[in-house]
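These are the residues of each chain, in order.
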Amino acid sequence: EQMAEVGPYIELGEKLGSFQGQLAQGRVDTVEVEYSGDVAELKVAPITIAVLKGILAPVREAVNLVNASSIAQELGIKVIESKVARSRDFASAVTVRVKGVTDRLVAGAVFHGRQPRIVRIDDFMLEAIPDGCTLLLHNHDQSGVVGTVGTILGDAGINISRMQLALHESRGEACMLVNINQDPGEKVLAALRDTKNMIAVQVLEL
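Residues numbered from 1 in each chain as written. Predicted model: local features only at pLDDT ≥ 70, side-chain atom pairs only at ≥ 80, totals over all residues. Heavy atoms only, no water.

**Description of the overall build of the protein**
Alright, step 1. Counting its regular elements, the protein contains five helices and 10 strands.
Alright, step 2. For 206 residues, the compact-globule estimate of 2.2 N^0.38 gives 17 Å, and the C-alpha radius of gyration of the protein, at 17 Å, lies within 12% of that figure.
Alright, step 3. Seen through its C-alpha atoms, the protein measures out along the principal axes to roughly 45 × 35 × 30 Å.
Alright, step 4. Within the span of the protein, comprising 206 residues, buried residues form 46% of the whole.
Alright, step 5. Relative to all contacts within the protein whose residues are 6 or more apart in sequence, the contacts with residues 24 or more apart total 68%.
Alright, step 6. Of the roughly 10,400 Å² of accessible surface on the protein, 47% is carried by carbon and sulfur atoms.
Alright, step 7. Of the charged side chains in the protein, 20 are positive and 26 negative; the average position of the first set lies 2 Å away from that of the second. (Helix = DSSP H or I, 4+ residues; strand = E, 2+ residues; numbered from the N terminus. Rg over C-alpha atoms; globule rule 2.2 N^0.38 Å. Buried < 20%, exposed > 50% of the residue type's maximum accessible area, 1.4 Å probe, protein only. Contact = heavy atoms within 4.5 Å. Areas by Shrake-Rupley, 256 points an atom, 1.4 Å probe, with all protein chains shown as cover. Lys, Arg positive; Asp, Glu negative; His and termini not counted. Charge placed at Lys NZ, Arg CZ, Asp CG, Glu CD.)

So this is what it looks like as structure tokens:
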């Protein structure tokens, strides 16, 4: 019964950790995992371990749910786990903040009982399915960016299966998570990075 409840959050935790691990630009000093809402009532230790597995997988071979905690300790990573009774926006949410060379926050929730979603990336709010090859694009909020992205990918024969957009109005910046059917390759990534009003382009495997 416990696994039926915790299992979807273990999957979510690993996805959030993988997101963070692939975006980390060097040393990770601290990993903070906050559980809010219904998930805070569960035994969350396996979820935290799944987060660590996702974070460490890009830098350590053979990391798994058994050894992830000990590897994090070996690397000197401080792990902070906290619980909040109520979630502000969702019935349950898991928030993972990584501090080190970069400081980044990613939050997720489980929809309809089993479906993991990324619901926040730093200050951008969205609802994205973390699945397969995914582009994370950060751009100035100007017209034409989404169309140009679609054209570049289409010309390269890359299919977009899903696209989620988020806006930070006060900064005039936007964020996109784009699920695609294949690795775009360096030529396509270079074209996307050269797009007018583009700030950053990163490719993830979720």
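**Remarks on the sheet that holds strand 3 (residues 92–100)**
Alright, step 1. As summarised here, the arrangement of the six strands in space is 2-1-3-4-5-6, forming an open sheet in which the pairing is mixed. A strand with exactly one partner marks an edge of an open sheet, and here the two such strands are strand 2 (78–84) and strand 6 (124–128). For this sheet, the mean inter-axis angle between neighbouring strands, taken without regard to orientation, is 20 degrees.
Alright, step 2. Taken together, the three bridges between strand 5 (residues 115–121) and strand 6 define a ladder with antiparallel strand orientation. Directly across from Arg-120, in strand 6, lies its bridge partner Met-125.
Alright, step 3. Sitting on the sheet, helix 1 (residues 2–23) touches strand 3, strand 4 (103–111) and strand 5, and the angle it makes with strand 4 is about 155 degrees. (Pairing = 2+ DSSP bridges. Axes fitted to C-alpha atoms, helices over the stretch in contact; angles between N-to-C directions.)

**Overview of the environment of Arg-171**
Alright, step 1. Looking at the secondary structure, you find Arg-171 in the loop between strand 8 (160–168) and strand 9 (173–180).
Alright, step 2. Distance in space between the C-alpha atoms of Arg-171 and Asp-141 is 8.8 Å, their sequence separation being 30 residues.
Alright, step 3. A polar contact is formed between the side chain of Arg-171 and the side chain of Asp-123, at a distance of 3.1 Å. (Polar contact = N/O pair within 3.5 Å; in protein donor to acceptor, adjacent residues only side chain to side chain.)

Fair warning: the whole summary comes from geometry, so function is off the table for now.
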